[in-house]
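Structural overview
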Amino acid sequence: MPQPPAGIVSPLPTASTGGAVTEPRAKARSIRTIVLVACLIAIAGSLISILCTAIAAWLTGSGYVVTPGGRF
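The structure reproduced in this document is the subject of the present report.

Another point: the overall build of the protein. Scanning the protein for helices and strands turns up one helix and zero strands. When the 72 residues of the protein are sorted by exposure, 0% land in the buried category. As displayed, the protein offers around 6,900 Å² of accessible surface, 72% of which is attributable to carbon and sulfur atoms.

Written out as structure tokens, the structure reads:
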């Protein structure tokens, strides 16, 4: 079987280089990162929604309970 010249590098990963091992690890890391970012965006959206609701209730006074008749 003929050997390629010494200056040409094989584009395919071999078992000795470990190319087949690192590729799934890189894919798993990117999927994990995507899921983590999506969760952080969802949590941040929820917190912003709660903050906006609290500010709106404070500005309109809808959070206060006024009993009929009063104390006076």
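Quick look at a nonpolar patch on the surface now. Where nonpolar side chains cluster on the molecular surface, the patch consists of Leu51, Ile55, Trp58, Leu59 and Tyr64 and spans about 630 Å² of accessible area. Within the fold, isoleucine 55 resides in helix H1 (residues 19–60).

Conventions used here
Residues numbered from 1 in each chain as written. Predicted model: local features only at pLDDT ≥ 70, side-chain atom pairs only at ≥ 80, totals over all residues. Heavy atoms only, no water. Helix = DSSP H or I, 4+ residues; strand = E, 2+ residues; numbered from the N terminus. Buried < 20%, exposed > 50% of the residue type's maximum accessible area, 1.4 Å probe, protein only. Areas by Shrake-Rupley, 256 points an atom, 1.4 Å probe, with all protein chains shown as cover. Patch = residues over 30% accessible without salt bridge, like charges linked within 9 Å, V, L, I, M, F, W, Y side chains within 5 Å. Salt bridge = Lys/Arg side-chain N within 4 Å of Asp/Glu carboxyl O.

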